[in-house]
Amino acid sequence: MSDENITIQDVKEVIRNGKVIRSYPEDPKGESKLMLGTIEGRAIHVVCAQHEQTVHVITAYLPNTDIWEDDFETKKQQS
């Protein structure tokens, strides 16, 4: 997160107001979700999991346009 200048406040904002774009129900450590939010014009992905009343942040990053379409929701097809 620090390498990409993503703050804890940014992550909280994505979790509160972002959009779930993927669910991973088969994750070995429990169901997790990939969320997308936009903070100050930057798209941010947050992977998190909820256990009871606690949300665990697994990772947060700026989606790479080499991997993601312009909507940052759709992965590009590998050729």
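Thresholds, definitions, all that
Residues numbered from 1 in each chain as written. Predicted model: local features only at pLDDT ≥ 70, side-chain atom pairs only at ≥ 80, totals over all residues. Heavy atoms only, no water. Helix = DSSP H or I, 4+ residues; strand = E, 2+ residues; numbered from the N terminus. Buried < 20%, exposed > 50% of the residue type's maximum accessible area, 1.4 Å probe, protein only. Contact = heavy atoms within 4.5 Å. 1 Å grid on protein atoms, 1.4 Å probe; cavity = no way out; pocket = protein on both sides within 12 Å on 5 of 7 lines; lining within 4 Å. Points joined across faces, edges and corners; volume = space filled by probe spheres on them. Nonpolar A, V, L, I, M, F, W, Y, C, P; charged D, E, K, R; others polar. Salt bridge = Lys/Arg side-chain N within 4 Å of Asp/Glu carboxyl O.

Visitor: Kindly report on the environment of T74, identifying the contributing residues and their values.
Guide: Position of T74 among the secondary structure elements: in the segment after strand 4 (54–61). A relative accessible area of 36% means that T74 is categorised as partly exposed. Spatially, the C-alpha atom of T74 lies 25 Å from that of S2, the residues being 72 residues apart in sequence. The residues contacting T74, other than those within four sequence positions of it, are R22, I67, W68 and E69.

Visitor: Report on the layout of surface pockets, specifying residues and quantitative values.
Guide: If you add up the space inside the largest pocket, you get close to 150 Å³. I15, E31, S32, K33, M35, C48, A49, Q50 and V55 together form the lining of the largest pocket. Looking at the lining of the largest pocket, the elements with two or more residues in it are strand 2 (32–39) and strand 3 (42–51). Class assignment of the residues belonging to the lining of the largest pocket gives a composition of five nonpolar, two polar and two charged.

Visitor: So what about the pattern of salt bridges? Which residues, and what values?
Guide: Pairs can form between side chains of opposite charge once their charged atoms are near each other. Inspection of the entire model under this criterion finds four salt bridges. R16 serves as the salt-bridge partner of E13, at 3.7 Å between the closest nitrogen and oxygen. Here the residue E13 and the residue R16 both occupy positions in helix 1 (residues 8–17), the gap between them amounting to three residues, near one helical turn. Of the residues examined, E13 reaches a relative accessible area of 31% and is grouped as partly exposed. For the salt bridge of E73 with K19, the shortest nitrogen-to-oxygen distance reads 3.0 Å. Here K19 lies in strand 1 (residues 19–24) and E73 lies in the segment after strand 4, a separation of 54 residues in the sequence.

Function-wise, these values are silent; they only describe arrangement.
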